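Descriptive analysis of the structure
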Amino acid sequence: MSAQSPLKQSDANGSQQNEQLGIEQMFAQIMSVVQKSSTEIAELRQESNELRQANKDIQQQLKNVMNGSLAVKSPHRQNSSPSAPPSPSLAYTVSPFLAPNPTPSFYVPPPIDITTGKAISHEVPGFWAVVPAGGAGTRLWPLSRKGYPKFFLDLTQSGRSLIQGTWDRLLPLSTPSRLMVVTGVDHSQGVKDQLPDLLPANLLSEPSPKESAAAIGLAAAVLARRDPEAILGSFAADHMISGNEAFLSAVTEAAVTAKKNLLVTIGIAPSHPATGFGYIRLGDRLGIEGAPNACRVLQFKEKPDSRTASAYLSSGNYRWNAGMFVVRAKFLMELFHQNCPELAEGLEKIAELWEDENARTQALADIWPTLPKIAIDHAVAEPAAAEGKVAVIPATFGWDDVGDFSSLADILPTEIGHARVLGDQAMVITDQVAGGIIVPGSGRLVACLGVDDLVIVDTPDALLVTTRARAQEVKKIVGKCKDGGWKQVL
């Protein structure tokens, strides 16, 4: 074998050195990236720890507020009759699940399309969002009370109450100047506090509860005089909705359909054979330009039994009735005149005097008590559907009316095999507990061992223990508390 020439040997050595140098450079680059990533991870961990500590500080502040403002003495008995405890300051501002200084509502400009540079707007011209905000606080008692129904509560632990979430959801469709709230006089101040951007003229206060027909009808009567071409969209203050883009799209289609002098509702796709909701039977598509999904409503159905609900679900021709209505204000008043004239005449008399505060107060005192107490479904929606005057937009967004603690449990995050907790997780200790919901609102520890599907709501002046299966019956306990003289905790 011949010896390698000095030149070739030199080239080989240089090639090996270059290859070694390239590997070292590549390794150095990799180590630099790893070191940079480690630094970023450390910074993220530090930020996470700071946020976690800040959250603990806020929770401690809330507990201090609760312990200082809501503490009551244990009730005692005198002469064998129950004596109610002193009435605590159970205002919406000190609810365990709404910060004393909630994030203020504010108008957020529409986002910008980076491809065109133009604003992405969902605003519907002439659309007025109307939010009926009523309730006696019985379904989620003792978490909610007469003084602060569930729409004042932050049930999502997001820092925004349900009514604030409704405001945020509706703003892109209108503006603060075209968003109206109808609520009881007892809740008016709470609405003002939680929705500071709500115009005073757009807060309509009812002297007493009269069901949805009077509340929505009052808004329609006032709007018909302010803006004869107004399109009214009514959305409850205490519902939860997921899928914002789908919601905005459905309401936009509903507004287009309403211009055809139709009462339009939005039907929710049923996820299971629910017996706690009413149903809407779908008819043929209407073929309206700009509202391709609009269908005729053939019939409204009352809450069915489980077998009927299963049949509705399997047919594919039914939607849940979520109580959302979109309609021209003047056309809704026409429907009231046709189907509930006594209500229509009374509301129009009140609306005539609405802009004069003194005259309005007198009109409400004289006329409001005489108005019939009836739901809008029974007053106009059902009879109008029989005449072919009602349409539905089948929706694809998620919806929940949070009607009891069982449904609230379904929307709270949890680990498999653990109970759901609304509030401070550190105030709950469980072992072999699954499926239930625990609300630690008293500032004391709640410990559970070996119990499943329980509802435990612990507040400073009342403790509720039931099962998820009986959660819809909480109203009964509220009634018994009232009969037993415990009105201060209602």
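To start, this report covers the structure provided alongside it. (Residues numbered from 1 in each chain as written. Predicted model: local features only at pLDDT ≥ 70, side-chain atom pairs only at ≥ 80, totals over all residues. Heavy atoms only, no water.)

**Describing the overall build of the protein**
Stated formally: A helix here means a DSSP run of H or I that spans at least four residues, while a strand means a run of E at least two residues long, and both kinds are numbered starting from the N terminus. In this scheme, a residue with accessible area under 20% of its type's maximum is buried, one over 50% is exposed, and one in between is partly exposed, where area comes from a 1.4 Å probe on protein chains only. Contact between two residues is taken to exist if any of their heavy atoms lie within 4.5 Å; hydrogens are not considered. Here the Shrake-Rupley method, with its probe set to 1.4 Å, supplies the accessible areas, and only the displayed protein chains count as covering residues.
Regarding its fold elements, the protein presents 12 helices and 19 strands. Sorting the 490 residues of the protein into buried and exposed places 44% on the buried side. For the protein, restricting intrachain contacts to residue pairs at least 6 apart in sequence, the fraction spanning at least 24 positions comes to 68%. Accessible surface, the protein: about 25000 Å² in total, of which carbon and sulfur atoms supply 52%.

**A few points about the packing of helix H4 (residues 211-226) against helix H8 (residues 341-352)**
Each pair of packed helices can be summarised by the angle the axes make with each other and by the distance between the axes. Convention followed: To obtain an axis, a line is fitted to C-alpha atoms, over the contacting stretch when the element is a helix, and the angle between two such axes runs from 0 to 180 degrees between their N-to-C directions. Here the angle decides the label: under 35 degrees means roughly parallel, over 145 means roughly antiparallel, 65 to 115 means roughly perpendicular, and every other value means oblique. Take the far helix as the reference: if the near one is turned anticlockwise from it by less than a right angle, the crossing is left-handed, and if turned clockwise, right-handed. Amino acids are sorted into nonpolar (Ala, Val, Leu, Ile, Met, Phe, Trp, Tyr, Cys and Pro), charged (Asp, Glu, Lys and Arg) and polar (every other residue, Gly among them).
Two numbers describe how H4 lies on H8: the axes approach to 9 Å, and their chain directions differ by 50 degrees. When the interaxial angle is binned, H4 and H8 end up oblique. For H4 against H8, the interelement crossing comes out right-handed. For the pair H4 and H8, contact is made by Ala-213, Ala-214, Gly-217, Leu-218, Ala-221, Val-222 and Arg-225 and by Leu-343, Leu-347, Ile-350, Ala-351 and Glu-352, respectively. Of the residues assigned to the contact of H4 with H8, the class counts are 9 nonpolar, 1 polar and 2 charged.

**Description of the side chain of Ser-205**
What counts is decided by this rule: For the purposes of these results, a polar contact is taken to be a pair of N or O atoms within 3.5 Å, where, inside protein, one atom must be able to donate a hydrogen and its partner to accept one; residues adjacent in sequence count only when each atom of the pair is a side-chain atom.
For Ser-205, the position within the fold is in strand S5 (residues 203-206). At 2.6 Å, the side chain of Ser-205 forms a polar contact with the side chain of Ser-188. The residues touching Ser-205, leaving out its near neighbours within four places in the chain, are Thr-183, Val-185, Ser-188, Trp-354 and Leu-364.

**Topic: the packing of helix H7 (residues 329-339) against H8**
Here H7 crosses H8 at 135 degrees, and the two axes come no closer than 5 Å. With respect to H8, the element H7 is oriented oblique. Residues Met-333, Phe-336, His-337 and Asn-339 of H7 touch H8, and the partners they reach there are Pro-341, Leu-343, Ala-344, Glu-345, Leu-347 and Glu-348. Residues of the contact of H7 with H8, tallied by class, amount to 6 nonpolar, 2 polar and 2 charged.

**Regarding the pairing of strand S8 (residues 263-268)**
Put simply, the test is: Note on pairing: two strands pair once DSSP finds at least 2 bridges between them.
Judged by how many residues are buried, S8 sits mostly within the fold: 6 of 6 residues are covered. Taking every second residue as pointing to the same face, both faces of S8 are buried, with Leu-263, Thr-265 and Gly-267 on one and Val-264, Ile-266 and Ile-268 on the other. In the sheet, S8 pairs with strand S12 (residues 390-395) via 6 bridges, with the strands oriented parallel. In the strand pairing of S12, Ile-266 is matched with Ile-393. As defined by bridge partners, S8 adjoins strand S11 (residues 318-328) across 4 bridges and the pair is classed as antiparallel. Among the inter-strand pairings, Ile-268 is bridged to a residue of S11, identified as Trp-320.

**Things to note about unusual backbone geometry**
Going from Trp-141 to Pro-142, the amide bond is cis rather than trans, its omega being 5 degrees. Positionally, Pro-142 belongs in the loop between strand S3 (127-133) and helix H2 (162-170). Located in the positive-phi region is Asn-261, a residue other than glycine, with phi close to 60 degrees. Tracing the sequence through the fold places Asn-261 in the loop between helix H5 (244-258) and S8. According to the relative accessible area criterion, Asn-261 is partly exposed, its value standing at 34%.

**Points about the packing of aromatic side chains**
Filter applied, for reference: Pairing of aromatic side chains requires ring centres within 6.5 Å, counting the rings of Phe and Tyr and the six-membered ring of Trp. Pairs whose planes differ by under 30 degrees are stacked, by over 60 edge-to-face, and all others tilted.
By the definition in use, this model includes 8 aromatic pairs. Arranged with centres 6.3 Å apart and planes meeting at 55 degrees, the rings of Trp-320 and Trp-399 form a pair that is tilted. Remark: Trp-399 occurs in strand S13 (residues 398-400) and Trp-320 occurs in strand S11; sequence separation between them is 79 residues. Each member of the pair, Trp-320 as well as Trp-399, carries the same accessibility label: buried. Here the aromatic cluster, defined as three or more aromatic residues joined through ring pairs, consists of Phe-235, Phe-247 and Phe-397.

**Observations concerning the nonpolar core**
To keep things clear, this is the line we draw: What makes a nonpolar core is a set of buried Ala, Val, Leu, Ile, Met, Phe, Trp, Tyr and Cys residues whose side-chain atoms join them at distances within 4.5 Å.
If you look at the biggest cluster of nonpolar residues, it comprises 77 residues, and the most contacted ones within it are Phe-127, Phe-247, Phe-397 and Phe-405. The element contributing the most residues to this core is H5, with 7 residues. Judged by nonpolar contacts, the second largest core, of 52 residues, contains Leu-204, Val-297, Ile-367 and Ala-381.

**Describing helix H9 (residues 357-367)**
The condition is simple: The directions from the helix axis to the C-beta atoms are what the arc is built from.
Turning to H9, its buried residues are Ala-363, Leu-364 and Ile-367. Buried residues along H9 cover an arc of 100 degrees about the axis, so they all sit on one side. The exposed residues of H9 that point more than 90 degrees off its buried face are Glu-357 and Asn-358. Close packing links the buried residues of H9 with S5 and H8.

**A short note on the pattern of salt bridges**
Put simply, the test is: Criterion for a salt bridge: a side-chain nitrogen of Lys or Arg within 4 Å of a carboxyl oxygen of Asp or Glu.
For the coordinates displayed, the defined rule picks out 12 salt bridges. Residue Lys-150 is joined to Asp-238 by a salt bridge in which the shortest nitrogen-to-oxygen separation is 3.8 Å. Highlighted residues: Lys-150 in the loop between S3 and H2 and Asp-238 in the loop between strand S6 (231-234) and strand S7 (240-242), separated in sequence by 88 residues. Of the residues examined, Lys-150 reaches a relative accessible area of 9% and is grouped as buried. Through salt bridges that share partners, Arg-470, Glu-473 and Lys-476 make up one connected network.

**A few points about the sheet that holds strand S19 (residues 463-467)**
Hydrogen bonds between backbone atoms are what pair the strands of a sheet, whose relative direction is either parallel or antiparallel. One open sheet holds the 4 strands; their spatial order is S14-S16-S18-S19, and the pairing between them is mixed. Only two strands of the sheet have a single partner each, and these edge strands are strand S14 (420-421) and S19. By the bridge criterion, 2 bridges tie S14 to strand S16 (residues 437-440) in an arrangement that is parallel. The residue of S16 that forms the bridge with Val-421 is Ile-438.

Nothing here speaks to function; it is all geometry.
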